[in-house]
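Fold and contact review
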Amino acid sequence: MHETGSHFAPDLPEFYLGNPHASFRRLRREDPLPWYPGSGGMWCVLKHADIVTVSRDPDRFTSTRGVQIGIRDLARPGGVPPTIIEMDPPEHNRYRKLVIQAFAPRATANLETMARQIARESLEAIHPGTVADLVEGLAVPIPMYMIAELLGVPRRDRSHFKRWSDAMIEAGGGGRSPATDAALGEMLGYFQTVLGERRRAPKDDLISTLASARIEGSVLSDPEILMFCATLLAAGNETTRNLISGGSLLLMQNPDEKRRLLAQRSLLPNAVEEMLRVWTPVHSFTRTATRETELRGGKISDGETLLLLYASANRDEEVWGEDSDRFDVGRDHSHQRHLAFGFGEHLCLGASLARLEALILFQELLARYPNFELAGEPTLLRSRLMHGVEHLPVLFRG
Ligand code: HEM
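Residues numbered from 1 in each chain as written. Predicted model: local features only at pLDDT ≥ 70, side-chain atom pairs only at ≥ 80, totals over all residues. Heavy atoms only, no water.

**Remarks on empty space enclosed by the protein**
Per the counting criterion, the structure on display carries one cavity of 30 Å³ or more. Quantified by volume, the largest cavity comes out at close to 40 Å³. For the largest cavity, the full set of lining residues is Y16, L17, H283, L380, L381, S383, M386, H387 and G388. Of the residues in the lining of the largest cavity, the class split is five nonpolar, four polar and no charged. (1 Å grid on protein atoms, 1.4 Å probe; cavity = no way out; pocket = protein on both sides within 12 Å on 5 of 7 lines; lining within 4 Å. Points joined across faces, edges and corners; volume = space filled by probe spheres on them. Nonpolar A, V, L, I, M, F, W, Y, C, P; charged D, E, K, R; others polar.)

Next comes the structure, spelled out in structure tokens:
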């Protein structure tokens, strides 16, 4: 069993504020599946191929014992169902098929119009020639209001929705308090009322679709629907926010790549894939071995944790070549897949929505402020789960 050097500490937020990619690169070469003794101990899966192997085999590597560092075998209060992200087949298949119905029929054109409207309103609120925080001004509102629209939350309730989203993010980041619990309780109460109304008089929103979703006679219960609404807020908000802020930062730090995009806007969808790869908004998720097994020739014992480091896999030289650290908006993404959205059973349900939101935001931003530039030091988020930016001062040249 290999022990890693003291500077490799994937369970500590500080590690990600330093230069984690130097450690990942060295380990991929020297010891690509190291045992890390911190936080109860875990195998660190650094190679793209190994994350794919683990993610497509829930029978050997379960999600039911938690998917985040330090969150293992948490007792749930009676009656609280697990979230989709912590289910295995066959339960997971049934649930995923039911909730996917709520995503599938939403016409892309409709979502696109919504996203463009929110992006334009957010850009209009910025005064040309001034410095503003891109996170607060652009990265926060788009994902948040898109989820609000999807769920059918009316505009007049948006300020509540923002408070609940913030509480959700705070609680998820380990900042659970009586205040966040109260906000979350309020949110569940709100959705419970909306759900009751939609059961009586369905509308064209996600809650109505969830209420009527059916597979082979199976339907979703009220607690399952409420839990799914809360999951969407937790899974879709901060992640997409950080794709937008991280992607903007990458463009400002790589002015040649930004110029390339300005000259050839059709590269934008590919540039979003490259942002997802290089930035990787979620550093990692975990799995737990259900039996003694093997991976990369090493023995994994029953009950041991595996840390799937997407951030490392997305720069694996074997897949992306020796220049994998380089942000290249023209890089070929058609033959290999980055793992920013995970892989296999739990592949992100909101991937196409997140891609659409980022694409539209960057289209609008580049059209309105082609010369946006960094106006100070960005403040990075201190987190072992999310790769995020807290504040990003930007000069929006008119
Ligand atoms: C850039 C933005 C996003 C990133 C990087 C991201 C990342 C991920 C990852 C890595 C997983 C896999 C979890 C696992 O294997 O254990 C996942 C699952 C999931 N994501 Fe996302 N996500 C993003 C946006 C969204 C959005 C916008 C939504 C919904 C509105 C969403 C909803 C979900 C759900 C429901 C799952 C669980 C799927 C399942 O367990 O079957 N995500 N996401």
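**Here's the deal with the layout of surface pockets**
Its boundaries defined by the atoms lining it, the second largest pocket holds a volume of some 390 Å³. Contributing to the lining of the second largest pocket are 22 residues, with H21, W279, R315, L380 and H387 lying nearest its centre. Those elements that provide at least two residues to the lining of the second largest pocket are α1 (13–17), α2 (20–30), α11 (222–253) and α13 (268–279). (Helix = DSSP H or I, 4+ residues; strand = E, 2+ residues; numbered from the N terminus.)

**Some remarks on the sheet that holds strand β5 (residues 284–289)**
In spatial order, the strands read β1-β2-β8-β5-β3; together these five strands make up an open sheet with mixed pairing. Only two strands of the sheet have a single partner each, and these edge strands are β1 (35–36) and β3 (61–62). Both strand β2 (residues 42–45) and strand β8 (residues 305–309) contribute to a ladder of three bridges, which runs parallel. Bridge pairing in β8 places W43 opposite L306. (Pairing = 2+ DSSP bridges.)

**With respect to the nonpolar core**
Ranked by size, the top nonpolar core spans 90 residues in total, and within it L151, F161, F191, F228, L365, F372 and F396 carry the most contacts. Ranked by the residues each element gives to this core, the list is headed by α11, at 13 residues. Beyond its immediate chain neighbours, meaning those up to four positions away, F161 contacts M144, I147, A148, L151, V153, F191 and L233. I51, L295, Y310 and M386 belong to the second largest nonpolar core, which has 23 residues in total. (Core = buried A, V, L, I, M, F, W, Y, C linked by side-chain atoms within 4.5 Å. Buried < 20%, exposed > 50% of the residue type's maximum accessible area, 1.4 Å probe, protein only. Contact = heavy atoms within 4.5 Å.)

**Observations concerning the site of the ligand**
Inspection of the region around the ligand gives 26 residues, with H92, R96, R287, H346 and C348 positioned closest. Within the contact set of the ligand, an oxygen atom lies 2.7 Å away from a side-chain nitrogen or oxygen of R96. Between the ligand and R287, the relevant distance is 2.7 Å, taken from an oxygen atom to a side-chain nitrogen or oxygen of the residue. Elements with a contribution of two residues or more to the shell around the ligand: α4 (91–103), α11, β5 and α16 (351–368). Top element by residues in the shell around the ligand is α11. It accounts for six residues. (Near = heavy atom within 4 Å. Polar contact = N/O pair within 3.5 Å; in protein donor to acceptor, adjacent residues only side chain to side chain.)

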